[in-house]
Amino acid sequence: LVTNSTDTNFQTFLPGCIDYTENRIYRDLDPLYSQVTDTGTVTASNREFAPPTTVGSFITVDQINIITPATAGSSNGSRNPLIQISPEAMDLMYPSGQTTTGVPSYYAMRDLTTILLGPAPDLAYTAEVVGIQRPAQLSSANSSTYLTQYVPDLYMAAALVYGFGYQRDFGGQADDPKTAQSWENQYQMLLRSAQVEQFMAKSQSADWTTQSPSPLAPRKG
C-alpha cells in the first residue's frame, strides 16, 4: 500500500481493515479452530436457557448436551445430546407454562441469547454448548492469531482487497483490475485450497475422511 504506518489516516483505516479481513476469512473458511465448547447451568422448571459466555459470545450453536446426573459436571457426567427443532415445534410440543419437566431432549434457538429446552428441566443440570465464536483479533496486544499462523497468504490477500479498495475509494475497484480485483482473484484461489484443509480437519473431505481429495482418473477410449 506504500503507506506510512504512523499516518493518521492509516491508523483510522487499520481497524476496519482487520475487521474486514478476519470476518471475511472466518465466514468463508469456517475453520475448526473457531469452534468452542462452554458450559452453563439450566434452571429447574424454566424452559429458557441463555448460552454461556465464559469464553465469549456464540455466533452459532451447533450442539447442546445435558450432563446427568445433576450433581455431575462435563468431566464426570453422562452426555445427553439434544435434538434441534424449530421454535414453532417447541411451542407446540412444550409450550411455556407447561408443568411437565424432565431431562431435556430437544432445543430450539429463539434468538442468539435465548435457547428453549423441551421438556423444561426438572433439575439444575449442567449444559454443554458447542458452537462458533470469533477468536481475538490481531492487534498490538495480540500479535499472532490462528489466521496469521496458518493462512497468512489468505490474510494478506483479503487485507489488500480492502486496502486497495480504500485507496481507490472502493468504487474504482472494477475499473483497475491490477489492484483490488487482482487481489480478489488471488484471495479466491487461495480460499479454495484452504477450504480443502478445513474439510479434511473436520473429516468432511472425500468419502467423509481426513484425506485430501484425489482427482478422478481420466477415462480412456
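Residues numbered from 1 in each chain as written. Predicted model: local features only at pLDDT ≥ 70, side-chain atom pairs only at ≥ 80, totals over all residues. Heavy atoms only, no water.

### Description of the packing of helix α1 (residues 8–29) against helix α4 (residues 152–167)
- Contact geometry for α1 and α4: axes closest at 9 Å, N-to-C directions at 135°. Relative to α4, the element α1 is oriented oblique. As α1 packs across α4, the resulting crossing turns out to be right-handed. Residues Asn9, Phe13, Gly16, Cys17, Ile18, Tyr20, Thr21, Glu22, Arg24 and Ile25 of α1 pack against Leu154, Tyr155, Ala158, Ala159, Val161, Tyr162, Gly163 and Tyr166 of α4.
- Class assignment of the residues belonging to the contact of α1 with α4 gives a composition of 12 nonpolar, 4 polar and 2 charged. (Axes fitted to C-alpha atoms, helices over the stretch in contact; angles between N-to-C directions. Helix = DSSP H or I, 4+ residues; strand = E, 2+ residues; numbered from the N terminus. Parallel < 35°, antiparallel > 145°, perpendicular 65-115°, else oblique. Left-handed = near helix turned anticlockwise from the far one by under 90°. Contact = heavy atoms within 4.5 Å. Nonpolar A, V, L, I, M, F, W, Y, C, P; charged D, E, K, R; others polar.)

### Focus: the packing of α4 against helix α5 (residues 180–201)
- Interaxial distance between α4 and α5 falls to 8 Å at its minimum, and their mutual angle equals 155°. With respect to α5, the element α4 is oriented roughly antiparallel. Regarding α4 and α5, the two cross each other, and that crossing is left-handed. Contacts from Asp153, Leu154, Ala157, Ala158, Leu160, Val161, Phe164 and Gly165 in α4 reach Ala180, Trp183, Glu184, Gln186, Tyr187, Leu190, Leu191 and Ala194 in α5.
- For the contact of α4 with α5, a count of residues per class yields 12 nonpolar, 2 polar and 2 charged.

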